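Fold and geometry: a report
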Amino acid sequence: MHLRLTPLLALGLASTVQALPLEQLQLPPGYRIQVAAEVPNARQMALSPEGVLYVGTRRDGRVFALQDLDGDQHYETRHTLMSNRRLPNGVSWSNGDLYIAELTQLVRLSDIDARLRNPPTPEPLLTGLPNITHHGWKYLKQAPDGAFFFTLGAPCNVCLESDPRFASIMRFDPATGDASPWAHGVRNSVGFAWHPNDGSLWFTDNGRDHLGDNQPDDELNRAEQEGLHFGFPFRHAREVVDPDFGEGADAVNSQAPVALLGAHVAALGISFYTADQFPDTPETTLFMAQHGSWNRSSKVGYRVMRVETKGEQVRSVEPFITGWLQGEQAWGRPVDVVVEPDGDLLISDDRADVIYRVWYQPDS
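Since the model is a prediction, treat every value here as computed from it, not as a measurement.

**Thoughts on unusual backbone geometry**
Cis geometry marks the peptide bond from Gln 215 to Pro 216, where omega comes out at -10°. With an omega of 0°, the peptide bond between Phe 232 and Pro 233 qualifies as cis. Positionally, Pro 233 belongs in the loop between strand 16 (217–223) and strand 17 (235–236). Residue His 264 is not a glycine yet carries a positive backbone phi of 70°. On the accessibility criterion, His 264 (9% relative accessible area) is buried. Its identity as a non-glycine residue notwithstanding, Asp 280 has a phi of 55°, on the positive side. Considering the arrangement of structural elements, one finds Asp 280 in the loop between strand 20 (267–272) and strand 21 (285–290).

**Some points on the state of the cysteines**
Each disulfide is one covalent bond, formed between the sulfur atoms of two cysteines. Here the structure, examined in full by the defined rule, presents one disulfide. Each sulfur in the disulfide pair Cys 156 and Cys 159 lies 2.0 Å from the other. One quick way to see it: the torsion about the S-S bond of Cys 156 and Cys 159 is about -80°, and its sign makes the bridge left-handed. What makes Cys 156 buried here is its relative accessible area of 10%.

**Structural notes on the sheet that holds strand 23 (residues 313–321)**
The four strands are arranged 20-21-22-23 in an open sheet whose pairing can be described as antiparallel. The sheet is open, and its two borders are formed by strand 20 and strand 23, each paired with just one other strand. Sheet twist, expressed as the mean angle between neighbouring strand axes with direction ignored, is 25°.

**Concerning the packing of aromatic side chains**
In this structure the tally under the stated criterion is 16 aromatic pairs. Pairwise contacts between aromatic rings join Tyr 31, Tyr 273, Phe 278, Phe 287, Phe 320 and Tyr 360 into one cluster. Taking the ring centre of Trp 137 as reference, the NZ or CZ of Arg 58 above it sits at 4.2 Å. Here the basic side chain of Arg 78 rests over the ring of Phe 64, its NZ or CZ set 5.0 Å away from the ring centre.

**Topic: the pairing of strand 20**
Burial within strand 20 is extensive, with six of its six residues counted as buried. Bridge count for strand 20 against strand 21 is four bridges, and the pairing is antiparallel. Bridge pairing links Ile 270 to Met 288 in strand 21.

**Here's the deal with the confidence of the model for the protein**
Put simply, the protein has an average pLDDT of 94, and 95% of its residues get 70 or more. Of the regions scoring below 50 in pLDDT, residues 5–13 engages in 16 contacts with residues more than four places distant in sequence or in other chains.

**Side note on the side chain of Asp 344**
With respect to the secondary-structure elements, Asp 344 resides in the loop between strand 26 (334–339) and strand 27 (345–349). A distance of 3.1 Å separates polar atoms of two side chains, one belonging to Asp 344 and the other to Arg 357.

What counts, and where the lines are drawn
Residues numbered from 1 in each chain as written. Predicted model: local features only at pLDDT ≥ 70, side-chain atom pairs only at ≥ 80, totals over all residues. Heavy atoms only, no water. Helix = DSSP H or I, 4+ residues; strand = E, 2+ residues; numbered from the N terminus. Buried < 20%, exposed > 50% of the residue type's maximum accessible area, 1.4 Å probe, protein only. Disulfide = S-S within 2.5 Å. Pairing = 2+ DSSP bridges. Axes fitted to C-alpha atoms, helices over the stretch in contact; angles between N-to-C directions. Phe/Tyr/Trp six-rings, centres within 6.5 Å; stacked < 30°, edge-to-face > 60°. Lys NZ or Arg CZ within 6 Å of the ring centre and 35° of its normal. pLDDT = per-residue confidence, 0-100. Contact = heavy atoms within 4.5 Å. Polar contact = N/O pair within 3.5 Å; in protein donor to acceptor, adjacent residues only side chain to side chain.

Now the structure itself:
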């Protein structure tokens, strides 16, 4: 059991962070939430075995490294590793190095855990990615086989581009420098993870806009092999045929989502829960950040979901944390979720500019 500093004043953070209405957040019985760090425009996160938390941003243009040097479960030390970059959203740690996905390139910071105070010059690994900001921010993770996967969204609401890299999940081999689409027909994924049992890739995908408040649903998808097509721009969700591109729906053998998540919820980062702190939470449980709608007449999303899976199927999708949305006003927008080795869940929030820590501690 960790020693937890519950008063917000113990965090030593800015008054704006201390004023966050955490009491409005609703969690299941026994679960607690607290601010773990203040990070402007916090987006994707990655943890090193040394306990350094790396955080990418989108609008802010910086990449940060956070440390909890006194072991009180709060990241009191923040280093700026890169600044004035273009959409450095994706971060992934591997073998001592930090990999960052920017708008037009993937770069590496070598031996970064030991060089936080004096970070190296970013080393370009893959350049020449499309210079289009619409859905241009990328999610980045290393696959079990050592390759890096990253997302490259459609440069539009709905379109059919000749460049096959758009609307895909890309695979980059660092040994050869080769990069190519691994999954096709993916409009705008900003979160994926590999299933701990069968190694299949699970990913979120944001549905198209301007078909009304209630369609199409955002998707949770599963891919067990390379080369599958997931419908965009011909078909959305399961049965929504696109009014402009629907004639091509039968031309692709598109994969149906394993779960429909609701229209406009903006499902982003996901992680399987691979620890054992949370009760009744096997490693086949998926936690998902929903960033929230931007143009729906009545807002939805702005929460963290718990997804129960069994084999290839989804058994349930239920809210785990709600309360960032109060009426039609949202004071927070969850982006990514990461599981710490001790079982705590970290959640980034690019509106409140913080990272939360969630742990289980039942009342005595």
